[in-house]
Amino acid sequence: MTEPDNHSMFMKIRIHYRDQHSGPWATTIRDVRRIPQVGDFVAPAPVKVFRVVMTLHVLFEADYDAEVFAEVIDFAEVQTETLGEEVWQG
């Protein structure tokens, strides 16, 4: 059986981040194995964690597969509420 080519499993997304609910977006392009969905947590760097607030699947000709919008969250607070303690500190 032939192993699949790992490079063909990647999708390209344009991900937009912002540090507050209303403010400018920072945009970058990333290769991912799965398009992040609303509610997912993403950490583009070990310092901040963002929650996906909207995903737009691109069905027209483009050089990317989806646009993802994410806003910064207090991940320590989310962990404490969900897990009872802060487990991941980045």
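In the block above lies the structure referred to throughout.
Residues numbered from 1 in each chain as written. Predicted model: local features only at pLDDT ≥ 70, side-chain atom pairs only at ≥ 80, totals over all residues. Heavy atoms only, no water.

Once that is clear, we can look at the environment of Phe10. Turning to its location among the elements, Phe10 is positioned in the segment before strand S1 (11-18). Its relative accessible area of 34% is what places Phe10 among the partly exposed residues. For the pair Phe10 and Arg30, spaced 20 residues apart in the sequence, the C-alpha separation amounts to 9.5 Å. Apart from residues lying up to four places away in sequence, Phe10 is in contact with Asp31, Val32 and Arg33. (Helix = DSSP H or I, 4+ residues; strand = E, 2+ residues; numbered from the N terminus. Buried < 20%, exposed > 50% of the residue type's maximum accessible area, 1.4 Å probe, protein only. Contact = heavy atoms within 4.5 Å.)

A few words on the pairing of strand S5 (residues 66-73). Judged by how many residues are buried, S5 sits mostly within the fold: six of eight residues are covered. In the sheet, S1 pairs with S5 via six bridges, with the strands oriented parallel. Its bridge partner being in S5, His16 is matched across the sheet by Phe69. When strand S4 (residues 49-57) meets S5, the two strands line up antiparallel, connected through eight bridges. Bridge assignment links Arg51 to a residue of S5, and that residue is Glu71. (Pairing = 2+ DSSP bridges.)

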